Every structure is written in structure tokens, then in C-alpha cells.
Amino acid sequence: MSDVPWRVDSHHHVWDLSVRDQEWITGDALAPIRRNFSLADLLPEARAAGVAATVLVQTVTVADETPELLALAADSDLVAGVVGWADLTRPDVVDVLAESCQLPGGTYLVGIRHQVQGEPDPQWLLRPDVRRGLAAVGAAGLAYDLVVLPHQLPACVKAAQEHPELTFVLDHLGKPPIASGAVEPWATAVRALAALPNTVCKLSGLVTEADPKTWTGDDLRPYADTVLDAFGPDRLMFGSDWPVCTLAATYGEVSDTARQLTDTLSETERAALFTGTATRVYRL
């Protein structure tokens, strides 16, 4: 069971391929997760790991997905928040966000995310239309999740500087190249982001950036130590990245590894990382 009284998993997904294809699940490496994953599948694993609440995160850039996720949250005693998707480039994005908050389950909307990692322009976050959209997210009282690759981190820094009213949440540490063992230039870029007070980071997605068959905690530790030092536990939150994590580890293994990687923290610091940060940032 958990070593903190109330534990939050700040990052997981669900999908039903009979409702909508997940076009990103292609190739042999991702074949094991090309099936349905539901909250019923997650619940026993999360409870066994001591998780009391979760944040359900979007997977596709389709407007219909967010209402579906909000409805799931409203009918669940596990999901406490939803990070949905909205087209930030729409001229009426302010209205789109307001309407999302009024949907059934709309009170569970805590953030917005876009697959920036798939954008060919490394400066996508700095486009004028995207800047307008980011301002709308902040005005709506929502957080903005950053799913980016290391070379896109400098644009994240500029975006966070331009929008001090908006909290930026870095997913998966910005996907460092763990399998290669390289730390730079990722570490310098992530420290620049962490230097800004309106940024936080998810301790998530590590096992799938490592070698999925041979990874050990020692492989992950340099990257975890970097963000622990840069952000501190008050601006870090645990996330399982289930079911993507199952490509390399079970839910329980991801949870146990996160505990091992934070074994030098005090009880208060661990409570922040495993509960407090997500609760505060996402208003759970």
C-alpha cells in the first residue's frame, strides 16, 4: 500500500477502439496496446498501488473525445480530473473552453493538452494563434499539459515566460533519451523550464523511454534526480502513464519504481510528489 495517506496518479489514459481508432498505435512495438483499455481494467491495479484518485488524459486530437472523458469521470469514483483537448488555434477557443466546462462532467476538466510532440514546427507553441489559445486556457483557470520532445523544450520555456498566469505541466519529463543514456542537452533545457515558477513536471513515462526489456531503476535515476533537483517535490507529481507503461512494466512496477526513485525524500516531500502537487495544480 501507499506510504502517503492519499495518493494521486496524475496521468493515465483509456480508449475503446470500437468507438474511435487510436491512429498513433502503429507498428510491432506498440502492438501489445492495440486493444481496449477501460477504467474497470485500471481500478484494481490502481487500488492495489494505494492510488485513491487519478487524472484521465486525452490521447487524440478529436473534439468528441473530451466530452466522453468528462462523462467517464462523472460516473467514476476513481477519476478526479480530466485533461482534455481543444483546438487552441480556433478563433472561438474561449467559447469552446467555456462550453466544455458546462458539459456533463465539465467540472472535472482541469487541463488541456495537445500532441505538440507531433508538430513538425519546433516553435509551434509560439505561433500567434497558439499563443492566443494558451491565454484562453489560463483565463479559463485550467492548466496546460506539455507533451513534447527534448528539442521542443526551448519553445516551452518561451511560452511559459509569455504566459505567467498559466501553469504548464511537463509530461514525462519532456521525454529524455533514457535508452541512449544521454542526459544533455535535455537536462539543461529542462532546468531552464524548471527555473520558471509557473511550471511543474510529471514523474511519468520513464520506463517507455528506456529499453523496454532491460531497463532498471538505475537507468532511470539520473533523469529522476535531475527533475527532483530542478523542480523539487512541491512541483513534481507521480503519473503512471497507464496503459502505455505496460509496454515496459506493470502498473505496480511503475508505482514501486517511483517510490524507489524518491527514496531519499522525507515523508512530507513524498506526500507532495505523490499527492499534494497534483491536487493543487489540478484543483482536485
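Everything that follows concerns the structure shown earlier in this document.
Below: a short report on this structure. This is a predicted model, so every value here is computed, not measured. (Residues numbered from 1 in each chain as written. Predicted model: local features only at pLDDT ≥ 70, side-chain atom pairs only at ≥ 80, totals over all residues. Heavy atoms only, no water.)

### Side note on the packing of helix α7 (residues 217–231) against helix α8 (residues 251–261)
Remark: α7 packs on α8, axes separated minimally by 10 Å, with the N-to-C direction vectors making an angle of 60°. Viewed along their axes, α7 and α8 adopt a mutual orientation that is oblique. For the crossing formed where α7 meets α8, the hand is right-handed. From α7, G217, L220, R221, A224, D225 and L228 reach across to α8, where they touch T257, Q260 and L261. Residue composition of the contact of α7 with α8, grouped by class: four nonpolar, three polar and two charged. (Axes fitted to C-alpha atoms, helices over the stretch in contact; angles between N-to-C directions. Helix = DSSP H or I, 4+ residues; strand = E, 2+ residues; numbered from the N terminus. Parallel < 35°, antiparallel > 145°, perpendicular 65-115°, else oblique. Left-handed = near helix turned anticlockwise from the far one by under 90°. Contact = heavy atoms within 4.5 Å. Nonpolar A, V, L, I, M, F, W, Y, C, P; charged D, E, K, R; others polar.)

### Points about the state of the cysteines
According to the stated counting rule, one finds zero disulfides in the structure shown. Note on C201: no disulfide assigned, nearest cysteine sulfur contributed by C156 at a separation of 11 Å. Residue classification places C201 among the buried residues on the basis of a relative accessible area of 0%. (Disulfide = S-S within 2.5 Å. Buried < 20%, exposed > 50% of the residue type's maximum accessible area, 1.4 Å probe, protein only.)

### Concerning the pairing of strand β7 (residues 199–203)
Counting buried positions along β7 gives five out of five residues, so the element sits mostly inside the fold. Neither face of β7 is exposed, since T199, C201 and L203 on one face and V200 and K202 on the opposite face are all buried. With helix α6 (residues 186–194) bridging strand β6 (residues 168–170) and its parallel neighbour β7, the resulting β-α-β unit is right-handed. When β7 meets strand β8 (residues 236–238), the two strands line up parallel, connected through three bridges. What sits directly across from K202, in β8, is M237. (Right-handed = clockwise from strand over helix to strand, strands pointing away. Pairing = 2+ DSSP bridges.)

### Remarks on the sheet that holds β6
Strand order in the open sheet made by the eight strands is β1-β2-β3-β4-β5-β6-β7-β8, with parallel pairing throughout. What marks the edges here is a single partner per strand, and that holds for β1 (7–12) and β8. Taken over all neighbouring pairs, the strand axes of this sheet differ in orientation by 25° on average, direction set aside.

### Details of the environment of L193
Among the secondary structure elements, L193 is positioned in helix α6. Given the relative accessible area of 1%, L193 is considered buried. For the pair L193 and G181, spaced 12 residues apart in sequence, the C-alpha to C-alpha distance is 21 Å. Excluding residues that lie within four positions of it along the chain, L193 makes contacts with L153, C156, V157, A160, L170 and T199.

### Some remarks on helix α5 (residues 153–162)
Every buried residue of α5 is listed here: L153, A155, C156, V157, A159 and A160. Among the structural elements, α4 (128–139), β5 (143–146), β6, α6 and β7 are those in contact with the buried residues of α5.

### Things to note about the layout of surface pockets
As a volume, the largest pocket reaches approximately 580 Å³. Lining of the largest pocket is provided by 27 residues; of these, W24, L30, Q117, K175 and V244 occupy positions nearest its centre. In this structure, the second largest pocket encloses a volume near 240 Å³. Forming the walls of the second largest pocket are 14 residues, and the residues nearest its centre are V14, W15, D16, E68 and L72. (1 Å grid on protein atoms, 1.4 Å probe; cavity = no way out; pocket = protein on both sides within 12 Å on 5 of 7 lines; lining within 4 Å. Points joined across faces, edges and corners; volume = space filled by probe spheres on them.)

### Considerations on the pairing of β5
The alternating pattern of β5 places A143 and D145 on one face and Y144 and L146 on the opposite face, and all of these are buried. Pairing of strand β4 (residues 109–114) with β5 involves four bridges; the strand directions are parallel. When the bridges of β5 are listed, I112 appears paired with Y144. This β-α-β element, β4 to α4 to β5, shows right-handed connectivity. With three bridges joining them, β5 and β6 adopt parallel strand pairing. The residue of β6 that forms the bridge with D145 is V169. Where the polypeptide runs from β5 across α5 and back to β6, its parallel neighbour, the crossover connection is right-handed.

Without other data, these values stay purely geometric and don't point to any function.
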